[in-house]
Amino acid sequence: MNIKKVTFTGIDDGSSVSDMEFLSDYFTNVEWGILYSPSRAGNGGRYPSVAKIQQILEDAPERLSLALHICGIGVFDFLNDETTISNLVSKLNARRGRVQLNFNYSRSPFSIDLLEKKISEYPRIKFIAQIHGGNSSILDSLEKIGVTFLHDSSGGNGRSPEEWPLPRGEFCGYAGGLGPGNIVNELSKISNLFNENSLNNRVNVWVDMESSLRNKHDEFDFFKCYKVLALMTIHDYVSVWS
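Residue positions are given per chain, counting from 1 as you read along its sequence in written order. It should be noted that, the model being predicted, local features are given only for residues of pLDDT at least 70 and side-chain atom pairs only at 80 or more, the latter also being counted only at that level, while totals for whole chains, interfaces and linings use all residues. Only hydrogens and water are removed before side-chain values are computed, so all heavy atoms of the structure are retained for them.

A.B. asks: What should I look at first to understand the overall build of the protein chain in this one?
C.D. replies: Only DSSP runs of H or I covering at least 4 residues are called helices, and only runs of E covering at least 2 are called strands; the numbering of each starts at the N terminus. Broken down by element type, the protein chain carries eight helices and eight strands. If you line up the protein chain on its principal axes, its C-alpha atoms span 45 × 40 × 30 Å. Exposure categories follow from relative accessible area, calculated using a 1.4 Å probe and restricted to protein chains: below 20% of the type maximum is buried, above 50% is exposed, and the middle band is partly exposed. Here the protein chain, with 242 residues, has 51% of them falling under the buried criterion. When checking whether two residues touch, look at their non-hydrogen atoms; a contact exists if any pair is within 4.5 Å. Nonlocal contacts in the protein chain, meaning residues at least 24 apart in sequence, comprise 72% of its contacts between residues at least 6 apart. Values of accessible area rely on a 1.4 Å probe in the Shrake-Rupley scheme; residue burial ignores everything except the protein chains shown. Element-wise, carbon and sulfur atoms account for 46% of the exposed surface of the protein chain, whose accessible area totals about 11,000 Å².

As structure tokens, then:
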């Protein structure tokens, strides 16, 4: 199992670019996930203000890997060229990065052709969709237009599955309840899954965590990120200056 990215999601209004730089300079496979929701942006917690997102996209050096996670109605705003999200995605495209579209297709369907058109407008961005029950009917269509997948049945609620699923595609993400308290144990389970199915050298993986990185004040905690990376390094899942 080749872990290519470790995504820490939930950069908030109190997070500093300098702290992001510090960890990224030691662990070059770190990616910073920024949540965007039109209704929650700037209201505290893990959804930073639009101004904060703009500041990070403009000020963070290009060596920092960034991912914009567009949630709920924000996905439809993106598909329909709403100004705020279009500007944010354009700023990300200028520096490269990834965009994760968090939606439930069974509840709120949309045109796959329109999504394909939007993806084609941002050639420097890789797009991600979650694998869960609500999206199962369109996974083949998403794969055909170049979307990569993240296994995340928890939907940001911080719960790990009893059994991790097989990867889909040559680059696949895993999320759900991962954090400093269980990262080694859960990666061992995922690694065993790969070994048992002879996938170890053929699929690249990223892992994403969110809820476990908050402190008691619901603030993003960089020390928890460091702890995850230290544990992964000790157990040879990532390396310093990888």
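From this point, things continue past the structure.
A.B. asks: Would you mind going over the packing of aromatic side chains with me for this structure?
C.D. replies: The geometry of an aromatic ring pair is captured by two quantities: the separation of the ring centres and the angle between the planes. Geometry of aromatic contacts follows a simple scheme: Phe, Tyr and Trp rings, the Trp one being its six-membered ring, pair when their centres are within 6.5 Å, and the pair is stacked under 30 degrees between planes, edge-to-face over 60, tilted otherwise. Counted by the stated rule, this structure contains 14 aromatic pairs. Ring geometry for Trp-164 versus Tyr-174: centroids 5.8 Å apart, planes at 75°, classification edge-to-face. Of the two residues, Trp-164 is situated in the loop between strand S6 (148–151) and strand S7 (171–175) and Tyr-174 in strand S7; the sequence distance between them amounts to ten residues. The class of Trp-164 is buried, set by a relative accessible area of 8%. Aromatic ring contacts, followed pair by pair, group Phe-8, Trp-32, Phe-220 and Phe-222 into a single cluster. We call a charge positioned over a ring when the NZ of a Lys or the CZ of an Arg lies within 6 Å of the ring centre and within 35 degrees of the ring normal. Above the ring of Trp-206, the side-chain terminus of Arg-98 is found at 4.1 Å from the ring centroid. Directly above the ring of Phe-78 sits Lys-118, whose terminal nitrogen or CZ lies 5.3 Å from the centroid.

A.B. asks: Can you help me understand the layout of surface pockets in this one?
C.D. replies: Which parts of space are left empty comes out when a probe the size of a water molecule is rolled across the atoms. Points on a 1 Å grid over protein atoms alone make up a cavity when a 1.4 Å probe fits among them but cannot get out, and a pocket when they form an open set with protein on both sides within 12 Å along at least five of seven lines; lining residues each have an atom within 4 Å of a point. Grid points are joined across faces, edges and corners, and a volume is the space filled by probe spheres set on the points. Quantified by volume, the second largest pocket comes out at close to 260 Å³. Forming the boundary of the second largest pocket are 15 residues, of which Lys-5, Arg-96, Gly-97, Arg-98 and Lys-126 lie nearest the centre. Along the lines of polarity and charge, the residues of the lining of the second largest pocket split into three nonpolar, three polar and nine charged. For this classification, the nonpolar set comprises Ala, Val, Leu, Ile, Met, Phe, Trp, Tyr, Cys and Pro, the charged set comprises Asp, Glu, Lys and Arg, and every other residue, Gly included, is treated as polar.

A.B. asks: Is there a simple way to explain helix H8 (residues 222–234) in this structure?
C.D. replies: Note on helix geometry: an α-helix contains 3.6 residues per turn, so any two residues three or four positions apart are oriented the same way. Given a helix with a known number of residues, its expected span is that number minus one, times 1.5 Å. A rise of 1.5 Å per residue sets the reference length of H8, with its 13 residues, at 18 Å; its end C-alpha atoms lie 18 Å apart and thus fit the reference within 8%. Where H8 is buried, its residues contact strand S1 (2–9), helix H1 (17–26), strand S2 (30–36), helix H7 (183–196) and strand S8 (204–209). Side-chain atoms alone can form a polar contact between residues adjacent in sequence; in general such a contact is a pair of N or O atoms within 3.5 Å, and within protein one must be able to donate a hydrogen while the other accepts it. The backbone nitrogen of Phe-223 has a side-chain oxygen 2.9 Å away, supplied by the residue at the start of H8, namely Asp-221. Positive phi appears at Asp-236, one or two residues downstream of H8, with a value of about 65°.

A.B. asks: Can you help me understand the pairing of S6 in this one?
C.D. replies: Every regular strand shows the same layout, with side chains that alternate between the two sheet faces. Strands are labelled as partners when DSSP assigns at least two bridges between them. Pairing of strand S5 (residues 125–131) with S6, which is carried by four bridges, proceeds in the parallel orientation. Looking at S6, one finds that Ala-129 is bridged to Phe-149. The handedness of a crossover follows from its direction of travel: if, with the strands pointing away from the viewer, the path from the first strand over the helix to the second runs clockwise, the crossover is right-handed. For the handedness criterion, the β-α-β arrangement of S5, helix H6 (residues 139–144) and S6 is classed as right-handed. Across three bridges, the pairing between S6 and S7 is parallel.

A.B. asks: I would appreciate a short explanation of the side chain of Asn-93 in the present structure.
C.D. replies: With respect to the helices and strands, Asn-93 occurs in helix H4 (residues 83–95). Asn-93 sits in the buried class, given a relative accessible area of 14%. Setting aside anything within four residues of it in sequence, one finds Asn-93 in contact with Tyr-122, Pro-123, Arg-124 and Ile-125.

A.B. asks: Would you mind showing me how to read the environment of Ser-65 here?
C.D. replies: Relative to the assigned elements, Ser-65 resides in strand S3 (residues 65–71). Sequence separation between Ser-65 and Cys-225 is 160 residues; the distance between their C-alpha atoms is 15 Å.

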